[in-house]
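Residues per chain are reported as follows:
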Amino acid sequence: MEKTRLLYEGKAKKVYATENPETVIVSYKDDATAFNGLKKGSISGKGVINNRMSNLLMAMLEKNGVPTHLVEELSERDTLVKKVQIVPLEVIVRNISAGSFAKRYGVEEGIVFDEPTFEFSYKNDALGDPLINETHALALKLATKEEIARIRDLALKTNQLLKDYFSERGVILVDFKLEFGRLSDGSIVLADEISPDTCRFWDAKTREKLDKDRFRRDLGNVEDAYIEMMRRVSGKENEQ
């Protein structure tokens, strides 16, 4: 499958048209941003890791009943996916207090919730991706009531599957962001990516951060954290 023209370039990926109107090619970049683009940089090898990790996780989710946009991995940076219309709602699922949740509500990081929290933010860079509730989303016609219910169900199912998956690999899934899209028939599928760019990962024993927080907070060893997560996801954690 060949790229025909560039459709879109975002902070971390480029999207290309193909000769098939139902598919596009996503190409992952090493560019890194934080705080709605105010902090910019590059993480060497990030695009390769995020591409491979997202595909492995999407394939796992597909096997367990979560529909995704994944078609096939084409190269270390490029993946063929189903073309979707992205629902302009970012979904944030949290299992432990961290990041903006801790700051917003004045609580310490590391509080384990009895049940996961579920948030929507309006996917709009110009507005800073503000938090939005279901009635606002309906008023703005961002999604239907049925789509919102479907997205919530799929997000919470994804959370449980990912929590179990990472727990087996010595990683705590603290929180993560998801995006969903509509296929041409209107059905909802998981899209975008699942990676250290979009998730908070802590080592289960040390609580060391293994995600983009190392870039956000200038903690150093950013590339090493991404490599370590890839090592665990690819099943190489037991190799010497």
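Residues numbered from 1 in each chain as written. Predicted model: local features only at pLDDT ≥ 70, side-chain atom pairs only at ≥ 80, totals over all residues. Heavy atoms only, no water.

A.B. asks: Requested: an account of the overall build of the protein chain, with residues and values cited.
C.D. replies: The number of helices and strands found in the protein chain is 6 helices and 14 strands. Its C-alpha radius of gyration of 17 Å places the protein chain within 12% of the 18 Å reference for a compact globule of 240 residues. Here the C-alpha coordinates of the protein chain stretch approximately 45 × 45 × 35 Å along the principal axes. Evaluated residue by residue, the protein chain yields a buried proportion of 50% over its 240 residues. Intrachain contacts of the protein chain at a sequence separation of at least 6 include 55% that bridge at least 24 residues. Summed over its atoms, the accessible surface of the protein chain is roughly 12000 Å², and 49% of this surface lies on carbon and sulfur atoms. Measuring between centres, the 38 positive side-chain charges of the protein chain sit 2 Å from its 41 negative side-chain charges. (Helix = DSSP H or I, 4+ residues; strand = E, 2+ residues; numbered from the N terminus. Rg over C-alpha atoms; globule rule 2.2 N^0.38 Å. Buried < 20%, exposed > 50% of the residue type's maximum accessible area, 1.4 Å probe, protein only. Contact = heavy atoms within 4.5 Å. Areas by Shrake-Rupley, 256 points an atom, 1.4 Å probe, with all protein chains shown as cover. Lys, Arg positive; Asp, Glu negative; His and termini not counted. Charge placed at Lys NZ, Arg CZ, Asp CG, Glu CD.)

A.B. asks: Run through the packing of aromatic side chains, naming residues and quoting values.
C.D. replies: The geometry of an aromatic ring pair is captured by two quantities: the separation of the ring centres and the angle between the planes. For the structure shown, the criterion picks out 5 aromatic pairs. Considering the side-chain rings of phenylalanine 101 and phenylalanine 113, the 5.1 Å spacing of their centres and the 55° angle between planes classify their relative orientation as tilted. Linking phenylalanine 101 in helix α2 (residues 99-105) with phenylalanine 113 in strand β10 (residues 112-122), this pair joins segments that are 12 residues apart in sequence. Judged on exposure class, the residue phenylalanine 101 and its partner phenylalanine 113 are both buried. (Phe/Tyr/Trp six-rings, centres within 6.5 Å; stacked < 30°, edge-to-face > 60°.)

A.B. asks: Any details on a nonpolar patch on the surface? Residues and values, ideally.
C.D. replies: Nonpolar side chains collect at one region of the surface, where Tyr105, Val107, Ile111 and Leu131 lie side by side and expose about 340 Å² of accessible area between them. Residue position: isoleucine 111 is located in the loop between α2 and β10. Here isoleucine 111 falls in the partly exposed class, since its relative accessible area comes to 33%. (Patch = residues over 30% accessible without salt bridge, like charges linked within 9 Å, V, L, I, M, F, W, Y side chains within 5 Å. Salt bridge = Lys/Arg side-chain N within 4 Å of Asp/Glu carboxyl O.)

A.B. asks: An account of the environment of glutamate 22 is needed here, citing residue identities and associated values.
C.D. replies: In this structure, glutamate 22 sits in the loop between β2 (13-17) and β3 (23-28). In the structure, glutamate 22 is positioned 108 residues away from proline 130 in sequence and 31 Å away in space, judged by C-alpha atoms. Setting aside residues no more than four positions away along its own chain, glutamate 22 makes contact with Val81, Lys82, Lys83 and Ser184. A polar contact of 3.1 Å, which involves the side chain of glutamate 22, links it to the side chain of serine 184. (Polar contact = N/O pair within 3.5 Å; in protein donor to acceptor, adjacent residues only side chain to side chain.)

A.B. asks: Which residues make up unusual backbone geometry, and what values do they have?
C.D. replies: Unusually for a residue other than glycine, aspartate 129 sits at a positive phi of about 50°. Mapped onto the elements of the fold, aspartate 129 is located in the loop between β10 and β11 (131-132). Positive phi is not limited to glycine here, since aspartate 192 has a value of about 65°. By the secondary structure assignment, aspartate 192 is in the loop between β13 (188-191) and β14 (199-203).

A.B. asks: Tell me about helix α4 (residues 145-167), and name the residues and values.
C.D. replies: Here α4 is 23 residues long and its end C-alpha atoms lie 33 Å apart, about the 33 Å a rise of 1.5 Å per residue gives. Listed as buried for α4 are Glu147, Ile148, Ile151, Leu154, Ala155, Thr158, Asn159, Leu161, Leu162, Tyr165 and Phe166. (Expected span 1.5 Å × (residues − 1).)

A.B. asks: Give me the lowdown on helix α1 (residues 46-63), citing residues and values where you can.
C.D. replies: For the α-helix, the turn length of 3.6 residues means that residues three or four positions removed from each other point alike. The terminal C-alpha atoms of α1 lie 26 Å apart, and with 18 residues this matches the ideal 26 Å at 1.5 Å per residue to within 8%. Buried within α1 we find Lys46, Gly47, Ile49, Asn50, Asn51, Met53, Ser54, Asn55, Leu57, Met58, Met60 and Leu61. Once α1 finishes, glycine 65 follows within two positions and takes phi at roughly 95°, a positive value.

A.B. asks: I'd love a proper account of the pairing of strand β6 (residues 70-73), names of residues and values included.
C.D. replies: Bridging between β6 and strand β7 (residues 78-82) involves 3 bridges; their strand directions are antiparallel. In the strand pairing of β7, glutamate 72 is matched with leucine 80. If you look at the hairpin formed by β6 and β7, you'll find 4 residues sitting between the two strands. (Pairing = 2+ DSSP bridges.)

A.B. asks: For the side chain of arginine 200, give the residues involved together with the corresponding values.
C.D. replies: Residue position: arginine 200 is located in strand β14. Here the side chain of arginine 200 touches aspartate 213 through a polar contact of 2.7 Å, side chain to side chain. If we ignore the near neighbours within four places in the chain, the residues touching arginine 200 are Arg94, Ala98, Gly99, Ser100, Ile172, Leu173, Val174, Asp175, Asp211, Asp213, Arg216 and Arg217.

A.B. asks: Can you lay out the nonpolar core for me, pointing to particular residues and giving the numbers?
C.D. replies: Counting residues in hydrophobic clusters, the biggest one holds 46 residues, and the most contacted among them are Leu89, Val91, Leu162, Phe166, Phe180 and Ile194. For this core, the secondary-structure elements that each account for two or more residues are α1, β9 (89-96), β10, α4, β12 (171-182), β13, β14 and α6 (222-233). The element that contributes the greatest number of residues to this core is α4, accounting for 8 residues. In contact with phenylalanine 180, other than residues within four places in its own chain, are Gln85, Ile86, Val87, Val91, Ile151, Leu154, Ala155, Ile188, Val189, Leu190 and Ala191. (Core = buried A, V, L, I, M, F, W, Y, C linked by side-chain atoms within 4.5 Å.)

A.B. asks: Pulling in residues and values, what's your account of the pairing of β14?
C.D. replies: With 5 of its 5 residues buried, β14 lies for the most part within the structure. Burial along β14 is two-sided: the residues Cys199, Phe201 and Asp203 and Arg200 and Trp202 are all buried. In terms of strand pairing, β12 meets β14 through 5 bridges, oriented antiparallel. Paired with aspartate 175 across the bridge in β14 is arginine 200.

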